[in-house]
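Below are the chains, spelled out letter by letter.
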Amino acid sequence: MADECLPWDPGYVSTAGGGCIACEGAGEVSNPEQSSCINCGAGKAPAANKSTCVACNGTRYSVFGIECSECTSPSVVNSDRTMCSACVAGSGPSADRTSCEACVGTTYSVIGQCQECNAPNIVDSDHLTCTGCVPGEQPNSDRTACVA
C-alpha cells in the first residue's frame, strides 16, 4: 500500500482503504501503530506533532486532555494536573502551588492567599480575620487576642 502513513509522519493514521489521514480532533494523537487516533486524557495534552500525549507539568493543567493551561496565582494545581482551584479561606498556596497550606503566625486568608495581619491588629485562631482591638484593649504577645 503506497499511500499508507510512513513511520515518520507523526499525527497521521492509515485508513482501511490505504490512505493516510491526520488526527485533527481536539486532544487527538496517533496511537503508536498509527492505526487509529486516540484522545489524550485529563492532565495531558497532545505533543506539537500529535504523535503522543505529554503530561502537563509545573503549574500547568488540563481538564479535558486538549491543552495544558497555566494555573494562575494564587490558585493551585492538583497532583495529577487535572484541576486548578483556589485555596479555602484560612489557607494559601504552597511555594510550588501544588497544594494549600494553613496560614500561620500572624497571617490570615479570606480569599485563599495568606497575607500578613499588620500590628496592632490581631488574627483569629482559624486565620480567617484580621481585626483591631476595641478602645481600652491591646493585642496579647502573639497577636491572637485582645487583652485589657
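A brief look at the structure comes next.

Basis of the calculations
Residues numbered from 1 in each chain as written. Predicted model: local features only at pLDDT ≥ 70, side-chain atom pairs only at ≥ 80, totals over all residues. Heavy atoms only, no water. Helix = DSSP H or I, 4+ residues; strand = E, 2+ residues; numbered from the N terminus. Rg over C-alpha atoms; globule rule 2.2 N^0.38 Å. Buried < 20%, exposed > 50% of the residue type's maximum accessible area, 1.4 Å probe, protein only. Contact = heavy atoms within 4.5 Å. Areas by Shrake-Rupley, 256 points an atom, 1.4 Å probe, with all protein chains shown as cover. Lys, Arg positive; Asp, Glu negative; His and termini not counted. Charge placed at Lys NZ, Arg CZ, Asp CG, Glu CD. Patch = residues over 30% accessible without salt bridge, like charges linked within 9 Å, V, L, I, M, F, W, Y side chains within 5 Å. Salt bridge = Lys/Arg side-chain N within 4 Å of Asp/Glu carboxyl O.

1. Some remarks on the overall build of the protein chain
Thinking step 1. Looking only at helices and strands, one finds zero helices and 18 strands in the protein chain.
Thinking step 2. Computed over C-alpha atoms, the radius of gyration of the protein chain comes to 26 Å, more than 25% over the 15 Å expected from 2.2 N^0.38 for 148 residues, which places it beyond the range of a compact globule.
Thinking step 3. Principal-axis analysis of the C-alpha atoms gives the protein chain an extent of 90 × 20 × 15 Å.
Thinking step 4. Looking at the protein chain residue by residue over its 148 residues, the buried ones come to 29%.
Thinking step 5. Taking all contacts inside the protein chain whose residues are at least 6 apart in sequence as the whole, residues at least 24 apart take part in 18%.
Thinking step 6. Summed over its atoms, the accessible surface of the protein chain is roughly 8,600 Å², and 54% of this surface lies on carbon and sulfur atoms.
Thinking step 7. Positive and negative side-chain charges in the protein chain, numbering 6 and 16 respectively, have mean positions lying 3 Å apart.

2. Re a nonpolar patch on the surface
Thinking step 1. A surface patch of nonpolar side chains, about 320 Å² in accessible area, is lined by Val63, Phe64 and Ile66.
Thinking step 2. Mapped onto the fold, Ile66 is located in the loop between strand S7 (60-61) and strand S8 (69-70).
Thinking step 3. Here Ile66 falls in the partly exposed class, since its relative accessible area comes to 43%.

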